[in-house]
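Spelled out from the first residue to the last, the chains are:
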Amino acid sequence: MSSLERTPPYLQVVATLKAKIVSGELSHGDALPSVRDLAAQYSISTATAQKVHRTLKAEGLAEARPGASTTVSTRRTLHRTAADRLEAALATGRIYADGEYAVITNADLTVPPEWVADLLGVEDQGPALRRQRVTHNADGEPVSASTSWFSADLAETVPALLLKERIIGGTPSAIEAVTGRRAVASEEASTSAAATQEHAELLGVVADSPVLLSRNVYVDAQGDTIEVGESVAPAGRWRVHRS
């Protein structure tokens with residue numbers, strides 16, 4: 001018996017809807033299928049369909065208003081991971097969900113931290129290309145602050161990386177368009193931490209309040225590193241894992 005077959009039917013439907021929410025196929029404010037429609041579409045009982053709605057609401061991914069349909073709710077609750085953004089870029093050509101936007105705060109060549117240098121193969125205190133940004137939701141609230149690192153030679157081959165302008169399709173798409181190297185997989189590690197003063201200023205939170213720190217790596221089909229990233233996001237935002 002496969003793991004999917006062992007998963008309760010309501011969780012299978014929840015996983016399907018979560019994937020659509022994370023990818024942006026279902027955006028904030030979109031109506032979810034009604035209980036009756038869910039039951040018909042997925043061949044489940046109305047009681048099971050009601051459980052799907054309850055689960056999404058409990059996880060902060062949906063909200064119900066009296067006399068209205070249940071709608072998607074993501075602006076203050078959903079944290080899109082590096083894997084989510086890569087998947088969106090590969091599938092849709094856009095790395096940001098509807099309403100999201102990034103403000104590029106820095107783009108330069110500088111000496112990277114040791115862990116970044118190791119992953120990029122930078123030697124002898126050599127430089128790497130750095131892009132820093134703050135991503136905002138449709139309400140203008142900061143949802144994450146992140147830094148992406150690349151090999152310094154991309155400064156000449158992909159000069160857009162050194163411009164303080166948004167790349168709508170994301171950095172992986174920009175690199176692929178010029179070099180042919182396609183990011184096909186990502187690895188991400190996260191931990192909780194206390195917000196530094198810099199984090200507090202970027203995210204509009206209180207210093208020492210809890211935040212989520214993440215580090216990620218994008219690799220090509222040969223397993224070579226294309227991009228190394230680090231990000232910080234406020235607490236209280238759900239990460240959705242798909243398997």
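Computed from a predicted structure; not experimentally measured.

A.B. asks: Can you walk me through the pattern of salt bridges in this structure?
C.D. replies: Side chains that differ in sign of charge can pair as their charged atoms come close. Scanning all chains against the criterion turns up 4 salt bridges. Salt-bridge contacts for glutamate 100 lead to arginine 85; the nearest nitrogen and oxygen are separated by 3.1 Å. Highlighted residues: glutamate 100 in the loop between helix H5 (82-92) and strand S4 (101-110) and arginine 85 in helix H5, separated in sequence by 15 residues. Residue glutamate 100 shares its accessibility class with arginine 85, and that shared class is buried. In this structure, aspartate 220 engages arginine 181 in a salt bridge whose closest nitrogen and oxygen atoms are separated by 3.1 Å. Remark: arginine 181 occurs in the loop between helix H8 (171-179) and strand S7 (185-194) and aspartate 220 occurs in the loop between strand S8 (210-219) and strand S9 (225-234); sequence separation between them is 39 residues. Assessed through its relative accessible area of 31%, arginine 181 is described here as partly exposed.

A.B. asks: For this particular structure, what's the right way to read the sheet that holds S4?
C.D. replies: For sheets, the rule is that strands pair by backbone hydrogen bonds, running either parallel or antiparallel. Here we have 6 strands laid out as an open sheet, ordered S4-S5-S6-S9-S8-S7, and antiparallel in their pairing. The strands lining the two open edges of the sheet, one partner per strand, are S4 and S7. Taking each pair of neighbouring strands and ignoring which way they run, the sheet shows an average axis angle of 15°. As judged from the 9 bridges shared by strand S5 (residues 128-136) and strand S6 (residues 142-151), these two strands associate in the antiparallel manner. Looking at S6, one finds that valine 134 is bridged to alanine 145. Contacts from H5 reach S5, S7 and S8 within the one sheet, and its direction differs from that of S7 by about 145°. In the packing of H8 onto the sheet, the strands contacted are S5, S6, S8 and S9, and the crossing angle to S9 comes to about 165°.

Parameters at a glance
- Residues numbered from 1 in each chain as written.
- Predicted model: local features only at pLDDT ≥ 70, side-chain atom pairs only at ≥ 80, totals over all residues.
- Heavy atoms only, no water.
- Salt bridge = Lys/Arg side-chain N within 4 Å of Asp/Glu carboxyl O.
- Helix = DSSP H or I, 4+ residues; strand = E, 2+ residues; numbered from the N terminus.
- Buried < 20%, exposed > 50% of the residue type's maximum accessible area, 1.4 Å probe, protein only.
- Pairing = 2+ DSSP bridges.
- Axes fitted to C-alpha atoms, helices over the stretch in contact; angles between N-to-C directions.
- Contact = heavy atoms within 4.5 Å.

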